[in-house]
Amino acid sequence: MTRRAIAAAYAPTTGVINPYEACFGLADSAARNGVEIRTGCPVTGLRHDGDLWTITTADGPVVARFVINAAGVAAALIATMAGAGAYRMRFRKGEEYLLDKRLQGIVRHVIYPCPSPTSKGVLVIPTYDGTIMIGPTADEVDDPADLATTVDGATRIIAAASRLVPGISERDVIAEFAGMRAVLDDEDFRIGSTAAPDFFDVAGIQSPGLTAAPAIAVMVVELLRDAGLELAEPVTPGAPLPPFVHFADAPLARQQELANSDPRYGHIVCRCEIVTEAEVCQAIARGAATLDGIKFRTRAGMGRCQGGFCTSRCMALLASELAVPLAAVTKRGGDSWLVVDRDEGVLP
Ligand SMILES: Cc1cc2nc3c(=O)[nH]c(=O)nc-3n(C[C@H](O)[C@H](O)[C@H](O)COP(=O)(O)OP(=O)(O)OC[C@H]3O[C@@H](n4cnc5c(N)ncnc54)[C@H](O)[C@@H]3O)c2cc1C
């Protein structure tokens, strides 16, 4: 028997943001206010000498008065390294599935089922970019690095999503991925000072940690102020970066203007999402050093063919703009190389 919804609760405070642009905007603002951002630079040790912390990293030591431990699934490990008090962390994996833009408009709001004790349940989410995302699962796993998607997860998500929105099927899935929630035993956020001096935990920030992030930041500022840090007003030197141009969103007349001003706007790199060479180069100039860096800033590789067309083109642009060999280009840093140099073999 087909069951139909006869009523629903409306949650007007639910919102959808572009998480990539939010993060890049905050990082740009932090950098303009003097923050030095180091990526691909894991912390491997911490030592307090009675006055200051020496933080051992892959790029050498960093000396600091205060340490804020916001290391996600690794927060308990970092707290142990610092002697800040041990706590148990559990890992709850969430698989998400992205549907073809063909389904754009099938829902206009986030559709929720009734929540379970451990999660909001499987949602149907109209993303900022127009695709529909369905998920997540909420399964406890032992390994925080286990970000594999599974047949079982896909089956459960598609069944649950199609119950909420009939018509969704596995044939619509164009991409799948998983994220890991860092969960503490009391299922709460752990924000505050610890057994180690001037060392603050911001740990167990499971969902809705993205939504809560601005409020958490305000709390951390207060903690630092109470601990004696003198805070300066933001200086924001120089003009803010101009908004990123998304060629696909511009009206035709503006697209023609852009192509006349810079011929690279006339060269499409990603056909599915209509991303131009000028946008990819702009992303690299603003700090993208990997394929994912380009993807999250421009959407190149997020469309139906999932990078089948644009991957080699983005790699070539990264290699030429950053003046590195093609074999040094990675998907997301570390050892996520995409090609191997025939003569040199795998890069160190
Ligand atoms: C499937 C899923 C769906 C979600 N949906 C929502 C939602 O709808 N709404 C919402 O508000 N939230 C949602 N969340 C939760 C949200 O993503 C998290 O709360 C948030 O990302 C946690 O932020 P964080 O900064 O604490 O940790 P993370 O984002 O994990 O960041 C931790 C950082 O620490 C770095 N790190 C780790 N170890 C080290 C080390 N040794 N040295 C240096 N750096 C290190 C990591 O590389 C990482 O960059 C969802 C999460 C998942 C998994």
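Before going into details, it helps to say that this report is about the structure given with it. None of the values given here were measured: they were computed from a predicted structure. (Residues numbered from 1 in each chain as written. Predicted model: local features only at pLDDT ≥ 70, side-chain atom pairs only at ≥ 80, totals over all residues. Heavy atoms only, no water.)

Considerations on the nonpolar core
Step number 1: Core analysis: the largest hydrophobic core is formed by 21 residues, its most contacted members being Leu46, Trp53, Tyr87, Met89 and Phe199.
Step number 2: Elements represented by at least two residues in this core include exactly strand S2 (53-57), helix H2 (75-81), strand S5 (89-99), strand S9 (173-184) and strand S11 (199-203).
Step number 3: Considering each element in turn, this core owes the most residues, 4 residues, to H2.
Step number 4: When we break this core down by domain, the ones giving at least three residues each are domain 1 (19-88 + 187-226) and domain 2 (90-184).
Step number 5: Residues in contact with Leu46, not counting those within four places in the same chain, are Trp53, Thr54, Ile55, Val67, Ile78, Met81, Ala82 and Phe199.
Step number 6: Grouped together as the second largest cluster of nonpolar side chains are 19 residues, Phe244, Cys270, Ile294 and Cys310 included. (Core = buried A, V, L, I, M, F, W, Y, C linked by side-chain atoms within 4.5 Å. Buried < 20%, exposed > 50% of the residue type's maximum accessible area, 1.4 Å probe, protein only. Helix = DSSP H or I, 4+ residues; strand = E, 2+ residues; numbered from the N terminus. Domains from an automatic or database assignment. Contact = heavy atoms within 4.5 Å.)

Concerning the sheet that holds strand S4 (residues 67-69)
Step number 1: With mixed pairing, 3 strands are arranged side by side in an open sheet as S4-S11-S10. Of all strands in the sheet, those with a lone pairing partner are S4 and strand S10 (190-193), marking the two edges. Taking the axes of each pair of neighbouring strands and ignoring which way they run, one obtains an average angle of 10° across the sheet.
Step number 2: Across 4 bridges, S10 lies against S11 in antiparallel orientation. Paired with Arg190 across the strands is Ala203, a residue of S11.
Step number 3: In the packing of helix H4 (residues 209-226) onto the sheet, contacts are made with S4, S10 and S11, and the angle to S10 comes to roughly 15°. (Pairing = 2+ DSSP bridges. Axes fitted to C-alpha atoms, helices over the stretch in contact; angles between N-to-C directions.)

Remarks on the sheet that holds strand S1 (residues 43-48)
Each strand in a sheet pairs with its neighbour through backbone hydrogen bonds, running either in the same direction (parallel) or in the opposite one (antiparallel).
Step number 1: Read across the open sheet, the 3 strands follow the order S1-S2-S3; overall the sheet is antiparallel. Two strands lie at the open edges of the sheet, namely S1 and strand S3 (62-64), each paired on one side alone. Averaged over all adjacent pairs, the angle separating strand axes in this sheet is 20°, with direction ignored.
Step number 2: Of the strand pairs in this sheet, S1 and S2 are connected by 5 bridges, and their pairing is antiparallel. In the strand pairing of S2, Val43 is matched with Thr57.

Observations concerning the site of the ligand
Step number 1: Not every one of the 21 residues close to the ligand is listed here, only the nearest: Val43, Ile205, Pro208, Gly209 and Thr211.
Step number 2: Thr211 is positioned with one of its side-chain polar atoms (N or O) 2.6 Å from an oxygen atom of the ligand.
Step number 3: Computed on the free molecule, the ligand has an accessible area of 990 Å², of which 58% lies beneath the protein chains in the complex.
Step number 4: Elements represented by at least two residues in the shell around the ligand include exactly S5, S9 and H4.
Step number 5: The residues that make up the shell around the ligand include at least three from each of domain 1 (19-88 + 187-226) and domain 2 (90-184). (Near = heavy atom within 4 Å. Polar contact = N/O pair within 3.5 Å; in protein donor to acceptor, adjacent residues only side chain to side chain. Areas by Shrake-Rupley, 256 points an atom, 1.4 Å probe, with all protein chains shown as cover.)

Observations regarding the environment of Arg342
Step number 1: Looking at the secondary structure, you find Arg342 in the segment after helix H8 (311-322).
Step number 2: Through-space distance from the C-alpha of Arg342 to that of Ile274 is 32 Å; in sequence the pair is 68 residues apart.

Some details on the state of the cysteines
Step number 1: Under the definition given, this model contains 0 disulfides.
Step number 2: Of all cysteine sulfurs, the one in Cys23 lies closest to Cys41, which takes part in no disulfide; the gap is 19 Å.
Step number 3: Note on Cys41: relative accessible area 16%, which makes it buried.
Step number 4: Cys270 carries a free sulfur, and the closest cysteine sulfur to it, the one in Cys310, is 4.3 Å from it. (Disulfide = S-S within 2.5 Å.)

Shape descriptors only; they carry no functional weight alone.
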